[in-house]
Each structure stands twice: as structure tokens, then as C-alpha cells.
Amino acid sequence: MSSIRGSRGAEMTMTTDQNTPAPALDIDALSVSFATDGGTLHALKDVSFSVPKGRITGIVGESGCGKSTLINAILGLLADNGEVTGGAIRLGESADITKLTPRQMRDLRGLQISTVFQDPMGALNPVLSVGKQMRDIQYRSNLSKREKDARSVEMLRQVRIPDPEKRLTQYPHEFSGGMKQRVAIAMALMMRPQLLIADEPTTALDATLEVATIELLKELQQEIGCAVLFISHHLGVIAELCDDMIVMYAGEVVEQGSVRQIFRNPSHPYTRALLDCDPARLHERVKHLPTIPGTLPDLRNRPKGCVFQARCALAKPECGQPVTSVEVTPGHIARCIRTNEVTA
Amino acid sequence: MFAYAMRRLGLGATIILVAMMILFSMIYLIPGDPASVALGPRATPEMIAELRSRMGLDDPVLVQFWNFVSSAVQGNLGVEALSGRPVLTVVMEQLPFTLAMVLCSITWAVLLGIPLGCIAAVKRGGFVDRVIGVLSVAVIAVPSFVVAIYALLLFAVHLKWLPAIGAGESGNLKSQLMALILPSLAVGLGWIGYIARLVRASMLETLEAGHIRTARAFGLPERWIIYNYALRIAILPTVTLLGVGIGHMLSSSVFAEIVFARPGIGKLVYEAISTRNYPLVTGAVLVTTAFFVLVNVLADLVIGLLDPRVRASFN
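Residues numbered from 1 in each chain as written. Chains lettered and ligands numbered in written order. Predicted model: local features only at pLDDT ≥ 70, side-chain atom pairs only at ≥ 80, totals over all residues. Heavy atoms only, no water.

- The name recorded for chain B in an unreviewed UniProt entry is ABC transporter permease, from Pseudogemmobacter lacusdianii.
- On record in UniProt, under Sequence similarities (unreviewed entry), the comment for chain B is "Belongs to the binding-protein-dependent transport system permease family."
- Per its UniProt entry, chain B bears the Subcellular location (unreviewed entry) comment "Cell membrane". (UniProt positions renumbered as here; feature names shortened; annotations may be inferred.)

**Points about the sheet that holds strand β10 (residues 326-329) of chain A**
All names here are of chain A.
Moving on, step 1. Overall, mixed pairing links the eight strands, which are arranged β5-β6-β7-β3-β8-β9-β11-β10 in an open sheet. The sheet terminates laterally at β5 (113-116) and β10, the two strands that pair on one side only. Each adjacent strand pair in this sheet contributes to an overall mean axis angle of 20°, direction not counted. (Pairing = 2+ DSSP bridges. Helix = DSSP H or I, 4+ residues; strand = E, 2+ residues; numbered from the N terminus. Axes fitted to C-alpha atoms, helices over the stretch in contact; angles between N-to-C directions.)

**Let's talk about the interface of chain A and chain B**
Often the size quoted for an interface is simply the accessible area lost on bringing the parts together.
Moving on, step 1. Contact residues are listed per partner, giving 28 residues for chain A and 22 residues for chain B.
Moving on, step 2. At the junction of chain A with chain B, the criterion picks out one salt bridge.
Moving on, step 3. Here A:Asp199 ties to B:Arg213 by a salt bridge, and the two come within 4.0 Å at their closest N and O atoms.
Moving on, step 4. Here chain A and chain B share ten residue pairs in polar contact (both at pLDDT 80 or more) between them.
Moving on, step 5. Split by residue class, the side of chain A that touches chain B holds 14 nonpolar, eight polar and six charged. (Contact = heavy atoms within 4.5 Å. Salt bridge = Lys/Arg side-chain N within 4 Å of Asp/Glu carboxyl O. Polar contact = N/O pair within 3.5 Å; in protein donor to acceptor, adjacent residues only side chain to side chain. Nonpolar A, V, L, I, M, F, W, Y, C, P; charged D, E, K, R; others polar.)

**Side note on helix α5 (residues 145-158) of chain A**
All names here are of chain A.
Moving on, step 1. Given a rise of 1.5 Å per residue, 14 residues ought to cover 20 Å, and the 20 Å separating the end C-alpha atoms of α5 matches this to within 8%.
Moving on, step 2. Elements that come into contact with the buried residues of α5 comprise α4 (130-136), α6 (164-168) and α7 (177-190).
Moving on, step 3. Directly beyond the C-terminal end of α5, a positive phi value near 60° is found at Arg160. (Expected span 1.5 Å × (residues − 1).)

**Focus: the UniProt feature "transmembrane region" (unreviewed entry) in chain B**
Moving on, step 1. Within this numbering scheme, the UniProt entry marks residues 9-30, 97-122, 134-157, 177-196, 233-260 and 280-306 of chain B as carrying the feature "transmembrane region" (unreviewed entry).
Moving on, step 2. The distance separating the terminal C-alpha atoms of residues 134-157 of chain B is 28 Å; by composition the span is 92% helix and 0% strand.

This is how it looks when you write it as C-alpha cells:
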């Protein structure tokens, strides 16, 4: 489904193809930078991928790889010093949403795109009752207060909050962390969005709750039929939940494909390093957990060529040349010039 | 909420008791014998001794303190030294003038300070923010009596828009309100600055919170987010500040009432101190302390109403 989009022409043939419906989210060569005191920080560079309708796409990457910037760019909520410097974001059949006015962008949020954020403790307003907050996000509907509350109760019941009528009158501090996250999921899905962005929704939860929350999310996603962009640094969760995945490093997509393709045949050295570092995949006792040596490059002066070369065990002088993406198998793309010789 | 209110009231009562103790010790320790002061230089030792025993000054300290507290609780603050009228009556006659002025000052501070703070936070770093910042610091820095004198010169003497002195004709609400404008502005002006700064700071902090991001991600209108979602939280420190600020405004009322020749507690205390009318000083200070404590209990209750987490922590 995904394609290498070196040129606009190739992209056009994709969308005009009668057999492939437009994806729920299509990001094309997106670049975002921030003006900082130390110079322009290029947080995202040439990010291209799409989330097909009704499927779950996972994004993995370490802290600082641009996951949050990507979410904020999609939501149109970049900080004041941030700017989309190139590329396009399309939502379903719509035109490029980076060109929308703030007002038009706001009309999409909560209706077409919903978000569940990482920190369930801080995601709800502490001084307003849960019912009031759930009612407020339905402000665009013409329902009466009572009808809105009935919708909220129904949603809370769907995410298996016991005694939802009573819960509506309570405040966030009266809910446990897992319950708050389920309330957040209920709120995000209430308007039946086309796209749900889940920003590490289970990171702050303990392991048993994590599994339950993921199962709930999957179940609701199938019922509503929305596409999900699921951000996580937990590879096990991605493997469990997602259909497709994207590996990001320093603001670039280094590898993308189906979960099966990437886990079976990780083709970018960074992906392989990331998989090697996953404690769940260790088979014997080790004294020190494996890490990737080195640190993220300075995003104000991005390296020429491959962005991972400084930390890559396989780097050679050619890695300083501009990188082209390599298709490993159909739909599985790695942004590394040595892809084929390494995986072969 | 009831348990919370009861606890706050209990704490308030304790503070008043401590205040009484301090007041009592101060009177007790002040050099000079109230009986001889009251009787004047030509009193005979017998007359002084007789008044001393009538005033209870010969009793042991603890008995005197107990008498002071128990009669104060019953509303008996003694009689003032000069006219012999009950202190409570005299204080209560003056209290409304001061309360009206303090209330009016708070109104200035809240009505101007909160919106200015919000605007500064929303336009952070911009021209408007900087102008509000400079003005806020300026009004905090200028002493109130300077504001009072210049406001008097400009609006009363030069422009003749507002009365210069007095509290207005009794029974004429408009004239009373006109007479309130200048003194309350002089007392409240600095507080506009304080509140604008505080609201700006707590607003900026609140706008960074995750739940504001959630509200934005759900497409709620920005104005709604600021006034219904963020301000409800950002206002909490201001409520506490106002509770404390009332004490400050009560003491500012001394100068304001003198400069503007208004009746009120401040003027009463000033005159009572000049004439060494100690029962009146004690009574007036006790009443204002009680009022101050009451306002702070109220501020705590308002915070409990606004913030469910505070209520929960007391249940």
C-alpha cells in the first residue's frame, strides 16, 4: 500500500487508482521546523506514510524522534515557533490540511481526528466533572443536555466503566489511572472519528492495565471502523495491536511496512538495533541491557546523507551521500543504501 | 464540603483567639497606667486606685485575660475612654465606610487585574503583554498615597469630576459611590498590578497543562478553553492572594481615609492612637482582625467550591 514517493507523479497514480480507496491519513514529504535561539531545528524531514482506512498503524522510535511533533502537525497544534516547511497532510478525500486556517483546522479536531494522550492523570481537567467535559466536546451537536449526557453514559458503558451515570458527576481525581485512560478513549471515540491518534496511551499504565486497554482499543476500533495511528516505544504493544508500522529516527521515517514484514525482516540498521534492545526479546540473562551507542544527531545541523550513520555499526563513506529508499519486498521500505546487501 | 467548612471555621476561631492574646499582651505591656491616663494629671492616688480596681487592673493577669476574652465573645469590647460609649457601637458605626471602600478596591483590582492578566498570558511575548507588564509593575511600585494625592489633584481639584473629601451625602447612593471612586482606586491600584501578574503567571502555567492540550485536540474554541477550562484553575492563587490582600487594604485604609477625609476604621484608629484611647484601639483592631480572618475563611471556602481536589483532601 505504501509507496516510495520520489516524485509527485508516482503519488498521483496511487490516488487515482480505482481499486485503492484513499487512505484515512496520507502524509507526503512532510517537513516541520522550529525556530529556536540556537537556529532552525528541523524536527521532521520528508516524512511520508499513510494510514489505510480501518487499519492500525504503529509508530516506534526513541524519545526525541519527532513522534510528538508529527502528532501536533497532524492536529494543527504546533507550538508558535513551529512551522510546516514542506509537504502535505491529507485526511481521507480532503485536500492538504496544512493549508487550512486555524478555524477550519479546529473544525476537524474532535470530529474527524481524535486523540488519546499519554498521561491519563493530566489529560482531563481537574476542576470540571467528567460529565461536563464529555458534554463540552459534543458542543457541535444539536442534542439537548440530557441527550448529550445519555451519549456520554453510553460511551462510558462501552469502555466498561461501572455505574456510568454516577461517574459522570465525579471529578477526574476520583478515577484511577486506568479508568481515566478509558474515559479518554470514550471521549476520543464519541464522535466516531475517521482517525484516532493514540499517543502512547498505555505508557503510564501498569502491565495488566496495558493489556486490557489495548484490547479495549482494538475492540472499539473494529466496531467504529476508524483508522488508528498508534504511537509507542513498546515494541511488544506494536506487534500485538498494529497492522502496519513505521520506524522513526531523528525526524525521519527510516523503515515502514507491515508489522509482520518488519519484525520478520528488519531491514534498517536502526530497526534492528531497536529490536535488539527490546528486553522482551532477550533469551538469556545479561548483565547490562543492550543499548544503541551514541546519541541523536543535532537536529539543527542534520548530517548529510543517512541520519543514523553516526551510530550505525555498518556505516561506510557512501552513507554520507543522499539516501534513497529501498523497497525490500512490496510495501516494505527501508531508508538505507545497504538494505539489500545487508538483508540478503 | 461541610467538614471542610467546619475545619476552616475552627482554624479561623483559633487565629482570632491568638490575635486576642497578642492584643491583650500589648495593652498589658504598654508603659503607662490607663487609669492615671484616663483621670488626667490632677487625679489623686486614691482616685487612681479606685479606678484601677473598678477597671479590674488589680486582678491577676490570667483573670484579666479571661475577662477580656469572655466579654469580647459576648460582644462587649468595653467602653471608650473619652465619651464612655461602648467600643463595639463606635467601631460598628465606622466599619461600613471602610468595608465599602475595601470592597470597591477589590472590585477595581479584580475587574481590571484578571482580564489584563488573561490578555497578557494569551498574547505572551507580544507588544500588549509587554505594555501590561510594565504598567503592572509601575502601579505596584508607586506608593498608594502618591496615587491618592495625584488622583485628588487631577480628578477633584483640576477636572472637578469627583468629590475631593468625605463619604458623600448620607442616603444619597450616587454621591456616596462618587466619593468612593478615588479612595478605592488609590488603595486598589497596586492590586490591579499584583493580580494581573499573578493571573498571567498561573494562566501560562495552566495553558501548558495536558488537559488544555486535550481540550484543544477536541476542537473546543480557544476562548472557551481560556475562560472555562484554564481560568477556573488559574484563578485559584488569586483568590488566596485576595484573602491576604484584604488585610493589606484594611491597613491602607488608614492613609486613604486621612487623605480623603473619609470616616472609617482607619481614621478611627488613627485618632484613637493620637488620643491614647486604648480601649477603642483594641476594639477596632480586634474587629478588623476578626473580619480579616473571616474573609480568609471565605477565600478558603471559595477555593473549595472551585477546586474539587481541595474538597476531597479534607474529607
